[in-house]
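Residues per chain are reported as follows:
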Amino acid sequence: MIVKMKFLSITGPKEDIGRVTEKYLSKYEIHLENALSELKDVKNLMPYIQINPYKEKLKMAEDYTAMLPEKSRTAGRDLPLEKAIQCVEEIDRTLSQCREERSQLESRRNQCRELLVKIEPFQDIPYNLSELLEFKYIRFHFGKIPKEYFEKFENYIYDNANTIFYRCHSDDQFVWGIYFAPKEELDKIDALYSSMHFERIFLPNKYEGTPEEAYRKLSDEIAKLDEQISACDRRMEETLSGRAEELVGARDELAAMSRNFDVRKLAACTNSDSETFYILCGWMSESDAKSFQKEVDGDKDLFCYVEDDNNNVLSQPPTKLKNPRIFRPFEMFVKMYGLPAYNEMDPTIFMAISYSFIFGIMFGDVGQGACLVVIGYLIYALKKAPLGAILGSAGIFSVIWGFIDNSFFGFEGFFPYEALLHPKDDMITLPIVGSINIVFVLAIAFGMFMILFTMILNIINSVKGKDKENTWFSQNSVTGFVFYGALVVVIFMVMGESNRLAAVLPVLLALIIIGLVIIMLKEMLGRIASRKRPAIEGGKVMYFVQAFFETFETALTFLSNTLSFVRIGAFAVRHVAMMEVVMMLAGAENGGTPNMIVVVIGNAFVALMEGLIVAIQVLRLEYYEMFSRFYKGNGREFKPFLKKSK
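Here the residue numbers are simple positions, counted from 1 along each chain's written sequence. A pLDDT threshold of at least 70 governs which residues receive local features in this predicted model, and a stricter bar of 80 or more applies before side-chain atom pairs are shown or counted, although totals over entire chains, interfaces and linings include all residues. Excluded from the side-chain calculation are hydrogens and water; included are all heavy atoms of the structure.

Draft legend 1. How the structure looks around empty space enclosed by the protein. The definitions used throughout rest on a 1 Å grid laid over the protein atoms alone, on which a cavity is an enclosed set of points accommodating a 1.4 Å probe that cannot get out and a pocket is an open set flanked by protein within 12 Å on both sides along at least five of seven lines; lining residues are those having an atom within 4 Å of a point. Grid points are joined across faces, edges and corners, and a volume is the space filled by probe spheres set on the points. Under the counting rule described, the total for this entry stands at one cavity of 30 Å³ or more. Considering only enclosed or pocket space, the largest cavity measures out at about 30 Å³ in volume. Every residue along the wall of the largest cavity is listed here: Ile361, Met362, Phe363, Gly364, Asp405, Pro423, Ala572, His575 and Val576. The way it works is that DSSP assigns letters per residue, a run of H or I at least four long becomes a helix, a run of E at least two long becomes a strand, and they are numbered from the N terminus. Broken down by secondary-structure element, the contributors of at least two residues to the lining of the largest cavity are helix H12 (348-362) and helix H21 (566-585). If you tally residues by element for the lining of the largest cavity, the top one is H21, at three residues. Here the lining of the largest cavity is built from residues that sort into six nonpolar, two polar and one charged. Any residue outside Ala, Val, Leu, Ile, Met, Phe, Trp, Tyr, Cys, Pro, Asp, Glu, Lys and Arg is labelled polar, Gly included; the first ten of those are nonpolar and the last four are charged.

Next comes the structure, spelled out in structure tokens:
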């Protein structure tokens, strides 16, 4: 059901908007509209421009709250605004100090790691690095050389070159080391090593002692810095965890205050030399609007006007659904198709009943249905997932149809009575058609009834929307109902071999032909009924040609929509057939003792696969064969701008 809405205009002195928002509006759910858009005809209006002073503190509170464990982000302590701001600022100061200290420590650690990586391959050098720098006549370079070139260098060049290469470390690709050369021949030796692809590594003058000692000192320094960084992290974590409730409360308070302040974005202000007033416009439920009017009645600085006729409002009323709890989960399917417009019928209850009923027919089994009920409602209770409740409701009807079919986990005739319906075996003989499964006949009959019923719903929706064409002349209007109803009567009388068919057939055929003609001329008749001119837009010849082919398509659509309901019977038969296969594999035929492991696995497989397929097929029937006849779903959701406070 759609909650009845009222449009409110609220005005008062500009500086008083904060008090009104916190004292009154925060207690109610109001869908605010942009006042400048709603009051286009009013002159000398300007937007309410003011910077939100809570945004920065709220952003800090949200960032720090996100650092808390997920379970600690919901339970908060109620804090006044001043305490909330103070809490966030204190936490920010503490964490900022920790972050700055941590950043400095990380910078030092990165420097140490760079030095460590450079000195690591040269730990085998047994000399003090500072002493090497004091050589006067000898020069040296650290670096690495590819292993294949180093072998060539050793075999063909090294013995004839005036250099010494001290090998330190090697792997599959490179050999690390240091080479020495006389000062006078350094350029020549450098060129020689370069030809062997020697890659020089520059070591800064920051190492003390031998490379091994320097490596050990750097490792110890990095470990010490890691511990200090961990200590900073622990201080930050302890600060946040120790004030988690305060922080969450501060976030909620600042969020509420920021949201309240943002009301100004949708307000308009009068442009006056004496005193400036704000104007707010929005939608409230009828009950909230009455309570709000009663509460502000004695406030001299606040004036509220409620528009009783929504036709005088520029914006379309938003849609707020309110259904009984048992049907509420099916709102999810309705919203997937589209939210109903304010003046449209809410199809939630229809969807809930028809979906569950059809699902039960196609998936009739007491045992499997009971499992769906338990699993579905358990999911809904634990996770609050609407799909769980939908599954549970569909399972109830599966149980009901399981009793009708006398089926329990695939065991046909399990209960001590004769089944009212055998989906796979019950046959009926009809004129023209011959022998056919009765389930298919019932499915077609049910489909005809649903099509006629959805036409009635479309007529109601069209009357509410004052749409004369879709009320009287279209394929889903009164004319369509008469046309299809007459066709259904003819089919039933022919199949039932009624003796009265000859007497009423001329009348029924006349209704069918007249109905088709009116449907073909629906656009023209609708414009005439609505007093629009001209009655035919565009060329008359093209209009009638197009109308003829559209009417032919409409007739085919009626046929295809009706036959589409055969899938109900087909899936009912398919479910029984699949369970017969499971029983055959389990060895339950001819009174044999079944293999219960196969029975359990088979039931699980059929329930999962068949349940999913049936759920999708029923949803397809709802959307394409029923909703498309009476429901547009072009509404907009009711979104309260403010979070309702206690």
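Here the narrative resumes, following the displayed structure.
Draft legend 2. Seen up close, the sheet that holds strand S4 (residues 138-146). Here, any two strands with at least 2 DSSP bridges between them count as paired. Ordered by their spatial adjacency, four strands build an open sheet running S5-S6-S4-S7, and the pairing between neighbours is antiparallel. At either margin of the open sheet sits one strand with a lone partner, and together these are strand S5 (164-170) and strand S7 (199-201). Taking each pair of neighbouring strands and ignoring which way they run, the sheet shows an average axis angle of 35°. Pairing geometry for S5 and strand S6 (residues 174-182), over six bridges, is antiparallel. Opposite His169, over in S6, you have Trp176 as the bridge partner. In the packing of helix H6 (residues 147-157) onto the sheet, the strands contacted are S4, S5 and S6, and the crossing angle to S4 comes to about 130°. The sheet strands contacting helix H7 (residues 186-195) are S4, S5 and S6, and the helix crosses S6 at an angle near 160°. Helix axes are fitted only over the stretch in contact, all axes being lines through C-alpha atoms; the angle between N-to-C directions runs from 0 to 180 degrees. The contact criterion used throughout is that any non-hydrogen atoms of two residues lie within 4.5 Å.

Draft legend 3. Region of the structure containing the environment of Glu33. For Glu33, the position within the fold is in strand S2 (residues 31-33). We classify Glu33 as buried; its relative accessible area is 10%. Taking C-alpha positions, Glu33 is 9.4 Å from Phe641, a pair spaced 608 residues apart along the chain. Residue contacts for Glu33: discarding those within four places in its chain leaves Phe7, Glu38, Leu266, Cys281, Gly282, Trp283, Ser315 and Arg636. Counted as a polar contact is a pair of N or O atoms within 3.5 Å, where, for protein atoms, one must be capable of donating a hydrogen and the other of accepting one, and residues adjacent in sequence contribute only when both atoms are in side chains. A distance of 2.2 Å separates the side chain of Glu33 from the side chain of Arg636, its partner in a polar contact. Relative accessibility decides the category of a residue: with a 1.4 Å probe and only protein chains considered, values under 20% of the type maximum give buried, values over 50% give exposed, and everything between is partly exposed.

Draft legend 4. Structural view of the packing of helix H3 (residues 55-66) against helix H9 (residues 244-261). Following both chains from N to C, one finds H3 and H9 inclined at 145°, their axes separated by 9 Å at the closest point. Note that H3 runs across H9; the crossing there is left-handed. From H3, Lys55, Lys57, Leu58, Ala61, Glu62, Tyr64 and Thr65 reach across to H9, where they touch Leu247, Val248, Arg251, Leu254, Ala255 and Ser258. Counted by class, the contact of H3 with H9 contains seven nonpolar, two polar and four charged residues. Less than a right angle of anticlockwise turn of the near helix away from the far helix marks a crossing as left-handed, whereas a clockwise turn marks it as right-handed.

Draft legend 5. The arrangement of the side chain of His575 in detail. The topology assignment puts His575 in helix H21. In contact with His575, not counting residues within four places along its chain, are Met362, Phe363, Gly364, Asp365, Gln368, Val606 and Glu610.

Draft legend 6. Here's a closer look at the packing of aromatic side chains. What counts as a ring pair is set by centres within 6.5 Å for rings of Phe, Tyr and Trp (its six-membered ring), and what kind of pair is set by the plane angle: stacked under 30 degrees, edge-to-face over 60, tilted for all other angles. With the rule as written, the count across this model stands at 42 aromatic pairs. An aromatic cluster is present here, built from Tyr337, Phe350, Phe449, Phe453, Tyr623, Phe627, Phe630 and Tyr631 joined pairwise through their rings. We call a charge positioned above a ring when the Lys NZ or Arg CZ atom is no farther than 6 Å from the ring centre and deviates by at most 35 degrees from the ring normal. Over the ring of Phe261 we find Arg264, and its NZ or CZ is 3.9 Å from the ring centre.

Draft legend 7. Expanded view of a negative patch on the surface. Within this analysis, patches are made of residues with over 30% relative accessible area and no salt bridge. Like charges are joined at 9 Å or less; nonpolar side chains (Val, Leu, Ile, Met, Phe, Trp, Tyr) at 5 Å or less. Note that accessible areas follow from Shrake-Rupley with a 1.4 Å probe, and for residues the cover is restricted to the protein chains shown. Any carboxyl oxygen of Asp or Glu within 4 Å of a side-chain nitrogen of Lys or Arg constitutes a salt bridge here. Only four residue types enter the tally: Lys and Arg on the positive side, Asp and Glu on the negative side; His and the chain ends are excluded. Note that the charge is assigned to NZ on lysines, CZ on arginines, CG on aspartates and CD on glutamates. Taken together, the side chains of Glu148, Glu151, Glu154 and Asp159 make up a negatively charged region of the molecular surface. Positionally, Asp159 belongs in the loop between H6 and S5.

Draft legend 8. Geometry of a positive patch on the surface. Together, Lys322, Arg325, Arg328 and Lys384 give the surface a local cluster of positive charge. Tracing the backbone shows Arg328 in the loop between strand S10 (303-307) and helix H11 (331-337). Judged by relative accessible area, Arg328 falls into the partly exposed class, the value being 42%.

Draft legend 9. Representation of unusual backbone geometry in the model. Residue Arg533 is joined to Pro534 through a cis peptide bond whose omega torsion reads 0°. Residue placement: Pro534 occurs in the loop between helix H19 (522-529) and helix H20 (540-564). Even without being glycine, Phe409 reaches a positive phi, approximately 50°. Summarising the element assignment, Phe409 is placed in the loop between strand S11 (407-408) and strand S12 (411-412).

Draft legend 10. Main features of the pattern of salt bridges. Inspection of the entire model under this criterion finds 26 salt bridges. Residue Asp299 is joined to Arg19 by a salt bridge in which the shortest nitrogen-to-oxygen separation is 3.0 Å. Of this pair, Asp299 sits in the loop between helix H10 (286-296) and S10 while Arg19 sits in helix H1 (residues 17-23), and the two are 280 residues apart along the sequence. For Arg19, a relative accessible area of 30% translates into the label partly exposed. Arg574 is paired through a salt bridge with Glu610; the nearest N and O atoms lie 3.5 Å apart. Within this pair, whereas Arg574 is found in helix H21, its partner Glu610 is found in helix H22 (residues 596-630), the two being separated by 36 residues in sequence. What makes Glu610 buried here is its relative accessible area of 0%.

Draft legend 11. Highlighting the packing of H12 against H21. Between H12 and H21, the least distance of the axes is 7 Å, while the angle of their chain directions is 45°. As the angle between them shows, H12 and H21 are arranged oblique. Note on element contacts: H21 touches H12 through Arg567, Ile568, Phe571, Ala572 and His575, opposite Ile358, Ile361 and Met362. Here the residues of the contact of H12 with H21 sort into six nonpolar, one polar and one charged. Throughout, the term roughly parallel applies to angles under 35 degrees, roughly antiparallel to angles over 145, roughly perpendicular to angles from 65 to 115, and oblique to all others.

Draft legend 12. Region of interest: the state of the cysteines. To count as a disulfide, a pair of cysteine sulfur atoms needs to be within 2.5 Å. Per the stated rule, a full pass over the model turns up zero disulfides. Of all cysteine sulfurs, the one in Cys232 lies closest to Cys98, which takes part in no disulfide; the gap is 5.8 Å. Free of any disulfide, Cys281 has its nearest cysteine sulfur in Cys304, 10 Å distant.

Draft legend 13. Region of the structure containing a nonpolar patch on the surface. Together, Phe449, Phe453, Ile456, Ile460, Phe481, Val482, Val507 and Leu511 give the surface a local cluster of nonpolar side chains, amounting to about 630 Å² of exposed area. At the level of secondary structure, the elements contributing two or more residues to the nonpolar patch comprise helix H15 (438-464), helix H17 (478-495) and helix H18 (501-520). If you tally residues by element for the nonpolar patch, the top one is H15, at four residues.

Draft legend 14. Highlighting H3. The terminal C-alpha atoms of H3 lie 16 Å apart, and with 12 residues this matches the ideal 16 Å at 1.5 Å per residue to within 8%. Within H3, the full set of buried residues consists of Lys57, Leu58, Met60, Ala61, Tyr64 and Thr65. Seen end-on, H3 carries its buried residues on one side only, within an arc spanning 160°. Turning to H3, the residues buried within the fold contact helix H4 (81-119), helix H8 (211-242) and H9. Here the expected span of a helix is defined as 1.5 Å times the quantity of residues minus one. Arc definition: it is the arc formed by the directions from the helix axis to the C-beta atoms.

Draft legend 15. Inspection of the environment of Ala535 at higher detail. Among the structural elements, Ala535 can be located in the loop between H19 and H20. Linking Ala535 and Met524, residues 11 residues apart in sequence, is a C-alpha distance of 5.2 Å. In contact with Ala535, other than residues within four places in its own chain, are Met524, Arg527 and Ile528.

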